[in-house]
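What follows is the residue order along each chain.
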Amino acid sequence: MAKERMFDFCTSCRKDTSYKMQKKTVQKVIRDKTYDFKITVAVCDECGEEMDIPGLLDANIKSIDEQYRQIEGLVSIDDIQKIMDIYNIGKAPLSMALGFGEITITRYLAGQMPSKEYSDIIKKALSSPNYMMKLLNENMEKMGETAYKKAIKAAEEIAGLFCVSDKMLLTISYIFEQMKEVTPLALQKILYFIQGIYMVIFGKPLYKEDCMAWIHGPVYEEVYDLFRDFKYNPIEDNRFAIFKDRFEELSEQEKKIIDLVINTFGKYSGKVLEDITHEELPWKNARVGYEPSEPSREIISKDEIKNYFIHVADTYGVDTEEKLNRYIQSYMSVSYTHLTL
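What to know about the overall build of the protein chain
The helix and strand inventory of the protein chain stands at 16 helices and seven strands. Here the protein chain, with 341 residues, has 47% of them falling under the buried criterion. The contacts of the protein chain with a sequence gap of at least 6 include a subset with a gap of at least 24, amounting to 62%. On the protein chain, roughly 18200 Å² of surface is accessible, and the fraction owed to carbon and sulfur atoms is 49%. The positive charge centre, built from 45 side chains, and the negative charge centre, built from 55, are 3 Å apart in the protein chain.

Set out below in structure tokens:
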């Protein structure tokens, strides 16, 4: 189907003409520093000049604002709104809770740029319910009793929900950043493979959580409980902002292992990954004595996972995508030639 042509008045042609939307890079100086921003322009099909389309200027101003904040690492207006929604708190009480002036948040929501110091405080409060609770308790008298009670209740509920370790939270944040979308089933298996390969290469676990041998393969129960309360697509939930950008705290060696798994195991559906784990010894050994559909509370020990993947490393190698793909392909053949110890 041909794309519908768009028309508006061209001031150069002095008549209604069709136009195309194109990306353009513009330079702007802000506080004596030059920035390159990408904006959208409408270009006349007849004369090639730019056209003034209703709403386009406002959209570009908003886009430049967002790009500038991203370049400078400043909190976005959307994220400020999310912190209010997540913690059930208004503009003035939030300002006081964060240790700012009473109308500071109101100004930020109207478009004023926060300082880097204040931006970092807001971002930390958004990403850490425990830090938010600390600020609320420190500034409760300034906020007022009603606002404090509502906010501290919300913060305690969020903190109780996010009961996973920091390393697990950072890893999940990075997985979503790289993959954009991932099902709960696939996420669980990717976390399991990351843990196994990390232990082989660095000799210690990446995260402290134990893995359970559930019906559908290895599962980190704390992660299951966390996402059970989210929408089907976690990114659409305001509370997902707590994950946002947390991955930046990961080391390069930790990211390297996660990338290895994402670029290999992450190419497959959760069901395929489940089938692979069902044939691996850590899950099979933990399920001894259980019927296939019978629930289990058995833990797959970290040592069991580590020892298994040491054998995988000896047989196939685990330090490159090519080697991991070779291991995966051993399960993808028609005959399902499986690795055994």
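So, the pattern of salt bridges
One pass over the structure, following the stated rule, counts 16 salt bridges. Here Lys 116 and Asp 120 are joined by a salt bridge, their closest N and O atoms 3.0 Å apart. Taken as a pair, Lys 116 and Asp 120 lie in helix 5 (residues 116–127) at a separation of four residues, close to a single helical turn. The class of Lys 116 is partly exposed, set by a relative accessible area of 44%. The salt bridge partner of Glu 279 is Lys 284, with a shortest N-O separation of 3.9 Å. You can call Glu 279 partly exposed: its relative accessible area is 26%. What emerges from the salt-bridge pattern is a single network uniting Lys 271, Glu 274 and Asp 275.

Things to note about the sheet that holds strand 1 (residues 6–10)
Strand order in the open sheet made by the four strands is 1-2-3-4, with antiparallel pairing throughout. For this open sheet the edge positions go to strand 1 and strand 4 (50–51), each flanked by a neighbour on one side alone. Running over the sheet, helix 1 (residues 56–72) touches strand 2 (15–30) and strand 3 (33–44) and is turned about 150° from strand 3.

Side note on the environment of Glu 249
If you trace the backbone, Glu 249 turns up in the loop between helix 11 (221–228) and helix 12 (252–262). Taking C-alpha positions, Glu 249 is 30 Å from Gly 90, a pair spaced 159 residues apart along the chain.

A few points about the side chain of Asn 139
With respect to the secondary-structure elements, Asn 139 resides in the loop between helix 6 (129–138) and helix 7 (140–143). Note on Asn 139: relative accessible area 8%, which makes it buried. Here Ala 97 takes part through its backbone oxygen, which lies 2.7 Å from a polar atom of the side chain of Asn 139.

Re the nonpolar core
Ranked by internal contacts, the top residues of the largest apolar core, which has 87 residues, are Leu 98, Leu 136 and Ile 175. For Leu 136, the contacting residues outside a window of four places in its chain are Ile 89, Ala 97, Met 143, Tyr 148, Ala 151, Ile 152 and Ala 155.

Thresholds applied
- Position numbers for residues count from 1 along each chain, tracking the sequence in the order it is written.
- Since the coordinates come from a predicted model, pLDDT governs what is reported: local features require at least 70, and pairs of side-chain atoms require 80 or more to be given and counted, while whole-chain, interface and lining totals use all residues.
- Hydrogen atoms and water are omitted, and side-chain values are computed over all heavy atoms in the structure.
- A helix here means a DSSP run of H or I that spans at least four residues, while a strand means a run of E at least two residues long, and both kinds are numbered starting from the N terminus.
- Residue exposure (1.4 Å probe, protein chains only): buried if accessible area is under 20% of the type maximum, exposed if over 50%, otherwise partly exposed.
- Note on definitions: a residue-residue contact is assigned when non-hydrogen atoms from the two residues lie within 4.5 Å.
- Computed with a 1.4 Å probe, the accessible areas rest on the Shrake-Rupley method; for each residue, only the protein chains presented here act as cover.
- Charge assignment: positive for Lys and Arg, negative for Asp and Glu; neither His nor the chain ends contribute.
- Where a charge sits is defined by one atom per residue type, namely NZ (Lys), CZ (Arg), CG (Asp) or CD (Glu).
- By definition, a salt bridge exists where a carboxyl oxygen of Asp or Glu is found within 4 Å of a side-chain nitrogen of Lys or Arg.
- Two strands pair if DSSP finds at least two bridges between them.
- Only the stretch in contact is used when fitting a helix axis, every axis being a line fitted to C-alpha atoms; angles between N-to-C directions are given from 0 to 180 degrees.
- Within 3.5 Å is the distance limit for a polar contact, defined as a pair of N or O atoms, with the added protein rule that one can donate a hydrogen and the other accept it, and that residues adjacent in sequence qualify only through two side-chain atoms.
- In this text, buried Ala, Val, Leu, Ile, Met, Phe, Trp, Tyr and Cys residues form a nonpolar core when linked through side-chain atoms within 4.5 Å.

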